[in-house]
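The residues making up each chain are set out below.
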Amino acid sequence: MCDFVPGIDLSRAFYGEVVAPLVGRAPHSAALIGPGSEVLAFDTARSADHDWGPRVLLFVAAGEVEEVRSRVVAGLPERFRGLPTVFGYHGVLRPGVEVAELGEWLAGRLGFDPRAGVSLLDWLSVPWQSLAEVTRGEVFHDGLPDGLEAARSVLRWYPADVWRYVLACQWRRIAQEEPFPGRCGEVGDELGSAVVGARLAREVMRLALLLRRRYPPYAKWLGSALARLPGSAELGESLGRALAARTWREREAALAAAYGRVASTQNRLGLAATLDERVRGFHDRPFRVIGGDRFTQALLEAVSDPVIRGLPLVGCVDQVSDSVDLLLSPARARAVAGAALGLVA
């Protein structure tokens, strides 16, 4: 366990010492991006128990894929730094070097090639996890014209109006349930209150990441991503208290503190009109809420694009559904997002 080497370091060395000499003079880009905890730097020694080994993605011109693949695979040593270079990855025994044409690979991961432009439907139909997998990781070499870094730079973050829209929809998700921990608790349903409180904590975590220009990762790494966000310690403590609370009043107070922190972040960013960050009563009921719809409306009023401002408040595909089988299929994700938003390709 103590000899663990992070996957990004292992792959960087694998490319430099083994793969690059085998590629020779063929124009190419090389990286570790796409699926894998090592791409987002969340890997630990536990990660090495499956789908693990020295990995590199090689991108070459379409007409050179087979020739480069054959040459590189034939020249691989059996092991690199004690690890096999051919290993099981997602149920398939294969070399750790994948050779592909860049546009085809991007279309397979995202549903489109961003170097040709990114439409509104493109932005809203790609899951956050997929956007993170393409824009994070590391490019070891980028020798293709209009290559990998060009695609990554386009996707680094949402355009301003799309960002405001996604944030507005995230606040809307909070607004829809923020009085429910209290309402459940009031009728003696502390279990229901805790479940809704946990849902709200997740939405706040995602909002905090989105406000800081981070694509939220999928559930396994959400807490880890928040913990790495500079200045997030107090927000994490508030959310931890909300999840540990035994009564709805304790839960509500902890969530209120968390709401105030993300509201303060939004005000500091100047993305919309400055709003009161304090919680308030929910109509004439004895529940304390931030009034998430206030922030939704302020963000929408700051959107200049009339098409985006007129979209229904359902948001991007991650805000529409959390089905893994949906999110892992670009075609399904695109179809669902397009239908929910009334957008066509």
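For the structure, check the block above.
Just so you know, these numbers come straight off a predicted model, no measurement behind them.

A. How the structure looks around the layout of surface pockets. Taken as a whole, the largest pocket spans an internal volume of roughly 950 Å³. Along its surface, the largest pocket is lined by 41 residues, and Q129, E133, Y218, K220 and L328 are the ones closest to its centre. Of all the elements in the fold, those that place two or more residues in the lining of the largest pocket are α3 (102-110), α5 (128-135), α9 (190-211), α10 (219-227) and α16 (324-327). Its residues assigned to classes, the lining of the largest pocket comprises 18 nonpolar, 13 polar and ten charged.

B. Summary view of the pairing of strand β6 (residues 92-95). Relative to β6, strand β5 (residues 86-89) runs antiparallel, the two being bridged by four bridges. In the sheet register, F87 faces β6, and the bridge partner there is R94. What sits between the antiparallel neighbours β5 and β6 is a turn of two residues, in which H90 has the positive phi angle 55°.

C. The arrangement of α3 in detail. Where α3 is concerned, the buried positions are L102, G103, W105, L106 and L110. For α3, the angular spread of buried residues about the axis comes to 160°, placing them on one side. On its buried side, α3 packs onto β2 (56-59), β7 (97-100), α5, α6 (148-155) and α17 (330-341). With a side-chain oxygen positioned 3.1 Å from the backbone nitrogen of G103, the residue opening α3 is E101. Trailing α3 by a residue or two, G111 shows a phi angle of about 95°, which is positive.

D. Quick look at the side chain of E178. Note on placement: E178 falls in the loop between α7 (160-177) and α8 (180-186). Buried charge without a partner: E178 forms no salt bridge, and the closest opposite charge is R294, 7.5 Å away. Within the structure, E178 has its side chain in polar contact with the backbone nitrogen of I290 (distance 2.9 Å). In this view, E178 contacts L200, Y259, V289, I290, G291 and G292; residues no more than four positions away in its chain are not counted.

About the criteria used
- Residues numbered from 1 in each chain as written.
- Predicted model: local features only at pLDDT ≥ 70, side-chain atom pairs only at ≥ 80, totals over all residues.
- Heavy atoms only, no water.
- 1 Å grid on protein atoms, 1.4 Å probe; cavity = no way out; pocket = protein on both sides within 12 Å on 5 of 7 lines; lining within 4 Å.
- Points joined across faces, edges and corners; volume = space filled by probe spheres on them.
- Helix = DSSP H or I, 4+ residues; strand = E, 2+ residues; numbered from the N terminus.
- Nonpolar A, V, L, I, M, F, W, Y, C, P; charged D, E, K, R; others polar.
- Pairing = 2+ DSSP bridges.
- Buried < 20%, exposed > 50% of the residue type's maximum accessible area, 1.4 Å probe, protein only.
- Arc of directions from axis to C-beta.
- Contact = heavy atoms within 4.5 Å.
- Polar contact = N/O pair within 3.5 Å; in protein donor to acceptor, adjacent residues only side chain to side chain.
- Lys, Arg positive; Asp, Glu negative; His and termini not counted.
- Salt bridge = Lys/Arg side-chain N within 4 Å of Asp/Glu carboxyl O.

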